[in-house]
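# Observations on chain architecture
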Amino acid sequence: ILNVKKVHPLRKVGPVIDWDLVLAMEPLTIAGAVLGSFVNKMLPPLVLTISLAVILSLMGWKTLTKGHGMWNVETQKISQKTAGGPYF
């Protein structure tokens, strides 16, 4: 409610809130919450805990590998820039 009338700081035209993105994401968010509540009621606690741990592990692994790849690219760029002289 507080950001509805604010103008985007970088574009200076248009609102801070991207309403097209909100319209695209909100139905999926609500559907995920409803589906998650059904799964929570139907599955036993052990199965739910194991499945959530597996999902968290997979997402963490993907994030770590992507971050490591980005770090390698940044390190190569820095080493190419500083190949001719000192870093500072």
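The sections below set out a description of the structure shown in this document. (Residues numbered from 1 in each chain as written. Predicted model: local features only at pLDDT ≥ 70, side-chain atom pairs only at ≥ 80, totals over all residues. Heavy atoms only, no water.)

## With respect to the overall build of the protein chain
Check the secondary structure of the protein chain and you find two helices and zero strands. Compactness check: the protein chain gives a C-alpha radius of gyration of 22 Å against a globular reference of 12 Å for 88 residues, more than 25% above the reference. Overall, the protein chain is about 65 × 45 × 20 Å in size when its C-alpha atoms are taken along their principal axes. Evaluated residue by residue, the protein chain yields a buried proportion of 2% over its 88 residues. Surface summary for the protein chain: the accessible area is close to 8,300 Å², and the carbon and sulfur share equals 73%. Of the side chains in the protein chain, 9 bear a positive and 4 a negative charge, and the two mean positions are spaced by 6 Å. (Helix = DSSP H or I, 4+ residues; strand = E, 2+ residues; numbered from the N terminus. Rg over C-alpha atoms; globule rule 2.2 N^0.38 Å. Buried < 20%, exposed > 50% of the residue type's maximum accessible area, 1.4 Å probe, protein only. Areas by Shrake-Rupley, 256 points an atom, 1.4 Å probe, with all protein chains shown as cover. Lys, Arg positive; Asp, Glu negative; His and termini not counted. Charge placed at Lys NZ, Arg CZ, Asp CG, Glu CD.)

## Looking at helix H1 (residues 19–42)
In this model H1 runs 35 Å from its N-terminal to its C-terminal C-alpha over 24 residues, within 8% of the 34 Å that 1.5 Å per residue would give. Taken as a whole, H1 carries its principal kink of about 30 degrees at methionine 25; the proline proline 27 stands between one and four residues after it. (Expected span 1.5 Å × (residues − 1). Bend = angle between axes of the 7 residues up to and from the residue.)

## Overview of a nonpolar patch on the surface
A contiguous nonpolar patch, built from Leu35, Val39, Leu43 and Val47 and spanning about 300 Å² of accessible area, is present on the exposed surface. On the basis of relative accessibility, which here comes to 33%, the residue leucine 43 falls in the partly exposed class. (Patch = residues over 30% accessible without salt bridge, like charges linked within 9 Å, V, L, I, M, F, W, Y side chains within 5 Å. Salt bridge = Lys/Arg side-chain N within 4 Å of Asp/Glu carboxyl O.)

## Some words on the environment of histidine 8
Tracing the chain through its elements places histidine 8 in the segment before H1. Taking the C-alpha atoms as reference, histidine 8 lies 32 Å from glycine 60; in sequence the two are 52 residues apart. Not counting residues up to four positions away in its chain, the partners in contact with histidine 8 are Val13, Gly14, Pro15 and Val16. (Contact = heavy atoms within 4.5 Å.)

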